[in-house]
Amino acid sequence: MTSALKIIPPEEWLTVSSPPMIIAGPCSAETEAQVMETAYGVASLPQVKIFRAGIWKPRTRPGAFEGVGSKGLKWLQKVKEQTGLLVTVEVANPRHVQEALDNGIDILWIGARTVVNPFSVQEIGEAIGGRDIPVMIKNPLNPDLKTWMGAIERLNRMGIEKLIAIHRGFSFFNRSPYRNAPMWEIPIELKRLYPNLPIIVDPSHICGNRELIPGTMQKALDLEMNGLMIETHINPSKALTDKNQQVTPARLQELLSKLILRRETDNSEFSHKLEELRSEIDKLDEELIDILARRMKVVEEIGTYKKVNKITILQLKRWNELTRDRIEAGIKMGLSREFILKLLESVHEEGIQRQIDVMNRDEP
Ligand code: PEP
Ligand code: MN
């Protein structure tokens, strides 16, 4: 059972000239000059009202730059005073919350590695202690809507009503052009369950590289998401973290100017459903390709085995049995005989070719 969230909409606590809400700023605060130059760059864009910068950086593996720490809070105070932008940092524990509150940070965000842990979310909520500060909650690393909802509900029950969800994609093992699979069906379902909860999309962490960002930004708007968080750095190629996905303020301006703001269709139910189904197809095709590739690897292993034991490639009896068996299984699942046969023949043909290659390969 999902009970309604009590949300104060961003329009009531943030003056955005016109939607979508844009958050920009570097992945990490690195130096005062880098922070200030980036801040001045994005402050000149009328759509940007919030400046982000990570000062405590959660790194998946140790040994890399882990953020400048508390001294970065002073730089953010300066950004606030000199540009008028609101400032936001990632908090992962009660100490971060306390320091952020003590230093006038306007908005907190909880990162993907922290949202997975309800104990951490609880402690962060307790440290906020009823203070009136907006909190943005990224989706957890794993594609688990319930954990994401749980973190949002937990903070909401603790009295935090200025809440925003951030969709930053999901960790996954398969190869794909994305760093974190967007799995749009998950934020769409969150929107369906909590229509009054604003959702911002973070194309930088979804894409992991600059090239994919424009398409993902547009897609977010076409799916009626409420805003975008774009990692922006004065000199991306020199960034200490996430250098492949950051853009300069000038490039951000260009990207924002190219966004097409379509009118909301009164048929959003339809487009969401369609998107959900397409997303499902994308995932299944990915699995299908993965399975076919794995099958071919096994076929090659068999080829090696046949070569060593001097057995011929085509084993007609086995092929006939396999075809009969698969057609029968396919028919039970509602697939036609012709379709299965065509598919098997194509797979078999490729398999034979692989085995011929293995047979003809010279031994190392
Ligand atoms: C970030 O925003 O820089 C960050 C660490 O993001 P995430 O928690 O989504 O990985
Ligand atoms: Mn980052």
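**Things to note about the packing of aromatic side chains**
- Per the stated rule, a full pass over the model turns up one aromatic pair.
- Between Trp 148 and Phe 170 the ring centres are 6.5 Å apart and the planes differ by 75°, which places this aromatic pair in the edge-to-face class. Of the two residues, Trp 148 is situated in helix α6 (residues 145-157) and Phe 170 in the loop between β6 (163-167) and α7 (185-193); the sequence distance between them amounts to 22 residues.
- Assessed through its relative accessible area of 0%, Phe 170 is described here as buried.

**Some words on the coordination of the manganese ion (ligand 2)**
- Within the protein, the atoms that donate to the manganese ion (ligand 2) are Cys 27 (SG), His 205 (NE2), Glu 231 (OE) and Asp 242 (OD), at distances of 2.1 to 2.4 Å.
- Mapped onto the polypeptide sequence, the residues donating to the manganese ion (ligand 2) form the spacing pattern C-x177-H-x25-E-x10-D. Of the two residues, Glu 231 is situated in strand β8 (residues 227-231) and Asp 242 in the loop between β8 and α10 (249-258); the sequence distance between them amounts to eleven residues. You'll find Glu 231 and Asp 242 in the same group, each marked buried.

**A few points about the environment of Ser 44**
- Structurally, the position occupied by Ser 44 is in the loop between α1 (32-43) and β2 (48-52).
- Remark: the alpha-carbon pair of Ser 44 and Pro 249, spanning 205 residues in sequence, is separated by 8.9 Å.
- At 2.8 Å, the side chain of Ser 44 forms a polar contact with the backbone oxygen of Gly 41.

**Description of the site of ligand 1**
- Around ligand 1, a shell composed of 13 residues is seen, among which Arg 52, Ala 112, Arg 113, Lys 138 and Arg 168 lie nearest.
- At 2.7 Å, a side-chain N or O of Arg 52 approaches an oxygen atom of ligand 1.
- Calculation on ligand 1 without its partners gives an accessible area of 290 Å², and the protein chains cover 97% of this total.

**Some thoughts on the side chain of Asp 242**
- With relative accessibility at 18%, the residue Asp 242 sits in the buried group.
- There is a polar contact of 3.1 Å between the side chain of Asp 242 and the side chain of Arg 179.
- The contact partners of Asp 242, leaving out residues within four places of it in the chain, are Cys 27, Arg 179, His 205 and Glu 231.

**Quick look at the pattern of salt bridges**
- This structure, assessed with the given rule, holds 18 salt bridges.
- Of the charged contacts, one joins Arg 354 and Glu 300 as a salt bridge, the two residues approaching to 2.9 Å between their closest N and O atoms. Placement of the pair is Arg 354 in helix α13 (residues 337-360) and Glu 300 in helix α11 (residues 268-308), with a sequence separation of 54 residues.
- Note on Arg 354: relative accessible area 25%, which makes it partly exposed.

**Notes on the domain arrangement of the protein**
- Per the domain assignment, the segments making up the protein are domain 1 (10-257) and domain 2 (268-360).
- Its C-alpha centre places domain 1 at a distance of 42 Å from the equivalent point of domain 2.
- Listed by partner, the interface residues are eleven residues for domain 1 and eight residues for domain 2.
- In total, domain 1 and domain 2 occlude about 990 Å² of area from one another, counting both sides; carbon and sulfur atoms represent 49% of this.
- For the domain 1 face of the interface with domain 2, the top three residues by lost area are Asn 174, Glu 185 and Ile 188, together amounting to 47%.
- The interface formed by domain 1 and domain 2 contains two salt bridges.
- Glu 275 serves as the salt-bridge partner of Lys 219, at 2.9 Å between the closest nitrogen and oxygen.
- Run the count over domain 1 and domain 2 and you get three residue pairs in polar contact (both at pLDDT 80 or more).

**Observations regarding the pairing of strand β5 (residues 135-138)**
- Where burial is concerned, the two faces of β5 agree: the one with Val 135 and Ile 137 and the one with Met 136 and Lys 138 are both buried.
- In this structure, β5 lies alongside β6, joined through four bridges in parallel fashion. Bridging across to β6, Val 135 finds its partner in Leu 163.
- Following the chain from β5 across α6 to the adjacent parallel β6, one finds a crossover that is right-handed.

**With respect to the packing of α1 against helix α2 (residues 71-83)**
- Where α1 meets α2, the axes come as close as 10 Å, and the angle between the chain directions of the two elements is 30°. One element, α1, and the other, α2, form an angle in the roughly parallel class. For the pair α1 and α2, the sense of crossing is right-handed. For the pair formed by α1 and α2, the contact residues are Glu 32, Val 35, Met 36, Ala 39, Tyr 40 and Ala 43 on the first element and Trp 75, Lys 78, Val 79, Gln 82 and Thr 83 on the second.
- Here the residues of the contact of α1 with α2 sort into seven nonpolar, two polar and two charged.

**With respect to a nonpolar patch on the surface**
- A surface patch of nonpolar side chains, about 420 Å² in accessible area, is lined by Met 333, Leu 335, Phe 339 and Leu 343.
- Tracing the chain through its elements places Leu 343 in helix α13.

**Focus on the pairing of β8**
- Counting buried positions along β8 yields five of five residues, so the element is predominantly enclosed.
- The two faces of β8 match: Gly 227, Met 229 and Glu 231 on one face and Leu 228 and Ile 230 on the other face are all buried.
- Where strand β1 (residues 21-25) meets β8, five bridges bridge the pair, whose relative direction is parallel. Paired with Ile 23 across the two strands is Met 229, which belongs to β8.
- Sheet topology note: the strand β7 (residues 199-201)/β8 ladder contains two bridges and is parallel. Bridge pairing in β8 places Val 201 opposite Leu 228.

Quick notes on the rules
Every chain is numbered on its own, with residues counted from 1 as its sequence reads. In the order they appear in the text, chains get letters beginning with A and ligands get numbers beginning with 1. The predicted origin of the model limits local features to residues at a pLDDT of at least 70 and limits the giving and counting of side-chain atom pairs to 80 or more, whereas totals for whole chains, interfaces and linings rest on all residues. For side-chain calculations, the full set of non-hydrogen atoms in the structure is used, while hydrogens and water are omitted. Any two rings among Phe, Tyr and Trp, with Trp reduced to its six-membered ring, count as a pair given centres within 6.5 Å; such a pair is stacked if its planes are under 30 degrees apart, edge-to-face if over 60, and tilted if neither. Secondary structure counts use DSSP, requiring at least four H or I residues in a row for a helix and at least two E residues in a row for a strand, with both numbered from the N terminus. Working definition: with a 1.4 Å probe on protein chains only, accessible area under 20% of the residue-type maximum means buried, over 50% means exposed, and in between means partly exposed. Note that water is not among the atoms used; donors are N, O and S atoms within 2.8 Å of the metal (3.2 Å for Na, K and Ca), so sites may look incomplete. Whenever two N or O atoms come within 3.5 Å, that pair is a polar contact, provided that in protein one can donate a hydrogen and the other can accept it, and provided that, for residues adjacent in sequence, both atoms are side-chain atoms. Being near a molecule or strand, for a residue, means having at least one of its heavy atoms within 4 Å of it. Under the convention used here, a 1.4 Å probe and the Shrake-Rupley method define accessible areas, while residue burial counts only the protein chains that appear. Contacts were defined at the residue level, with two residues in contact if any of their heavy atoms lie within 4.5 Å. The working definition used for a salt bridge is a side-chain nitrogen of Lys or Arg within 4 Å of a carboxyl oxygen of Asp or Glu. Note that domain bounds follow an automatic or database assignment of domains. What gets called buried area is simply the loss in accessible area from a 1.4 Å probe that two parts show on being joined, summed for both. Paired strands, as defined in this entry, are two strands with at least two bridges between them according to DSSP. When the strands point away from the viewer, a crossover counts as right-handed if the route from the first strand across the helix to the second turns clockwise. Here an axis means a line fitted to C-alpha atoms, over the contact stretch when the element is a helix, while the angle between two N-to-C directions is reported on a 0 to 180 degree scale. Angles are sorted into four bins: roughly parallel if under 35 degrees, roughly antiparallel if over 145, roughly perpendicular if 65 to 115, and oblique for all others. With the far helix as reference, a near helix turned anticlockwise by less than a right angle produces a left-handed crossing, and one turned clockwise produces a right-handed crossing. Charged means Asp, Glu, Lys or Arg here, nonpolar means Ala, Val, Leu, Ile, Met, Phe, Trp, Tyr, Cys or Pro, and polar covers whatever is left, Gly included. For patch building, the residue pool is restricted to those with more than 30% relative accessible area and no salt bridge; the joining distance is 9 Å between like charges and 5 Å between nonpolar side chains (Val, Leu, Ile, Met, Phe, Trp, Tyr).

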